[in-house]
Amino acid sequence: MKDYLTRPQIKKRARETMKGHFGTAFSLNWLPVIGTILVGLLFAGLFAGLTYAISTSEAFRNSVTSAVNSATEAGRNGSAAGGNGGVSPFTSFGGSLIGTILSSGIGFASLEWLRLKDYQVLEHPFKKAFQGFKFEYLLGIVVLYILTSIAGIVGLMLFVIPAILFSYAFKIIYLLYYDVGDKYGYLELLKLSWKLMRGHKFDLFIFQLSFFWWYLGVILTFGLLSIYFTPYYNLAFAAFYDNIYQNSELVQKNITNPEDSTDNLDY
């Protein structure tokens, strides 16, 4: 019998893991936290400066209006010409890949921490935040990123809804790779991720939506709330995945031989 946790129970598990260990939580998540705060403060400064300048200078207001109109016209021309706004697809791809490698390493460590016994604390959290760049994980993360990107493009070619379904079907694939990547090939991992998320894609959507007030709080505090929210969310997502994984056939049937087991998983 499968014993799934509820959303409140999943979140409680994450909070209890963090409780009394804020230093560990921050050490593991410091880079995305600092990045969020810097972006928040930058936008806060720009917003304050623009608001002051617009309210005190009519010449500045006219300049802003002219600049907006010029940018709008340039955007129309660029779209008509098939341009991408001056952003190289390789730059976008590379930045997204690096972010995925970093977030995967933090996700691996969050999952490890979540599974420790009550009296244990994650060791070397600062170092483990970058474990996605270790060779034992790096190649797999890169290959899975490329494969899921291709799947996403195929989904978009079909329509928006399939693209969203594909996206949610592979949300857990990097944590799944951390758990069983040594037993399965990359295409098999895609199949496993799809199977494990069957019946849970909408659950994950609602789970993420349940953090709406946290997202809003991060925006209203110009990123400062992310000091707590980022490690909390990463642990909660790891707990969401672990809730599915521990109730899957991968664990319940104690599968150890991938050649025999993949045929029994009913993709």
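Worth saying up front: this structure is predicted, and the values here are computed from it rather than measured. (Residues numbered from 1 in each chain as written. Predicted model: local features only at pLDDT ≥ 70, side-chain atom pairs only at ≥ 80, totals over all residues. Heavy atoms only, no water.)

Visitor: Let's hear about the overall build of the chain: which residues, and what values?
Guide: Scanning the chain for helices and strands turns up 14 helices and zero strands. Helices (α) and strands (β) of the chain occur, in sequence order from the N terminus, as α-α-α-α-α-α-α-α-α-α-α-α-α-α. Counting only residues that meet the buried cut, the chain has 36% of its 267 residues in that class. At a minimum sequence separation of 6, the contacts of the chain that also span at least 24 residues come to 76%. (Helix = DSSP H or I, 4+ residues; strand = E, 2+ residues; numbered from the N terminus. Buried < 20%, exposed > 50% of the residue type's maximum accessible area, 1.4 Å probe, protein only. Contact = heavy atoms within 4.5 Å.)

Visitor: Which residues make up the pattern of salt bridges, and what are the values?
Guide: It is possible for side chains bearing opposite charge to pair when their charged atoms get close. Following the criterion strictly, the structure yields seven salt bridges and no others. Across the pair Lys12 and Glu16 runs a salt bridge, and its minimum N-O distance is 3.9 Å. With Lys12 and Glu16 both in helix α1 (residues 7-18) and four residues apart, this pair spans about one turn of that helix. The residue Lys134 makes a salt bridge to Glu136 at a minimum N-O spacing of 3.1 Å. For Lys134, a relative accessible area of 40% translates into the label partly exposed. A network of salt bridges, in which partner residues are shared, links Arg13, Arg115, Asp179 and Asp242. (Salt bridge = Lys/Arg side-chain N within 4 Å of Asp/Glu carboxyl O.)

Visitor: Requested: an account of the packing of aromatic side chains, with residues and values cited.
Guide: Going through the model one piece at a time under the given rule, you end up with 26 aromatic pairs. Ring geometry for Phe211 against Tyr233: centres 5.2 Å apart, planes inclined by 80°, an arrangement best described as edge-to-face. Here Phe211, found in the loop between α10 (201-209) and α11 (212-220), pairs with Tyr233, found in helix α12 (residues 226-245); they are 22 residues apart in sequence, far enough to count as distant. For Tyr233, a relative accessible area of 17% puts it in the buried group. (Phe/Tyr/Trp six-rings, centres within 6.5 Å; stacked < 30°, edge-to-face > 60°.)

Visitor: Provide a residue-level description of unusual backbone geometry, including the pertinent values.
Guide: In the Ramachandran plot, His124 falls in the positive-phi region, its phi being about 50° despite a non-glycine side chain. Structurally, His124 is set in the loop between α4 (89-115) and α5 (125-128). Residue classification places His124 among the exposed residues on the basis of a relative accessible area of 55%. In this structure, Phe222 takes a positive phi of about 55° despite not being glycine. Its location among the elements puts Phe222 in the loop between α11 and α12.

Visitor: With reference to specific residues and values, describe the packing of helix α6 (residues 135-158) against helix α8 (residues 173-180).
Guide: Packing of α6 against α8 brings their axes to within 11 Å, and their N-to-C directions diverge by 140°. Considering the relative orientation of α6 and α8, their crossing is right-handed. Contact residues: Glu136, Tyr137, Gly140, Ile141, Leu144, Tyr145 and Thr148 in α6; Ile173, Tyr174, Tyr177 and Tyr178 in α8. Looking at side-chain class alone, the contact of α6 with α8 contains eight nonpolar, two polar and one charged residues. (Axes fitted to C-alpha atoms, helices over the stretch in contact; angles between N-to-C directions. Left-handed = near helix turned anticlockwise from the far one by under 90°. Nonpolar A, V, L, I, M, F, W, Y, C, P; charged D, E, K, R; others polar.)

Visitor: Describe in detail the confidence of the model for the chain, supporting the description with residues and values.
Guide: Confidence in the prediction for the chain averages 85 pLDDT; 82% of positions are at 70 or higher. By mean pLDDT, helix α14 (residues 258-261) is the weakest element of the chain at 50, and α12 is the strongest at 97. A low-confidence stretch, residues 78-83 (pLDDT under 50), is modelled with one contact involving residues beyond four sequence positions or located in other chains. (pLDDT = per-residue confidence, 0-100.)

Visitor: Explain the side chain of Thr24 to me, and be specific about the residues and the numbers.
Guide: Considering the arrangement of structural elements, one finds Thr24 in helix α2 (residues 22-56). Excluding residues that lie within four positions of it along the chain, Thr24 makes contacts with Trp113, Val121, Leu122 and Pro125.

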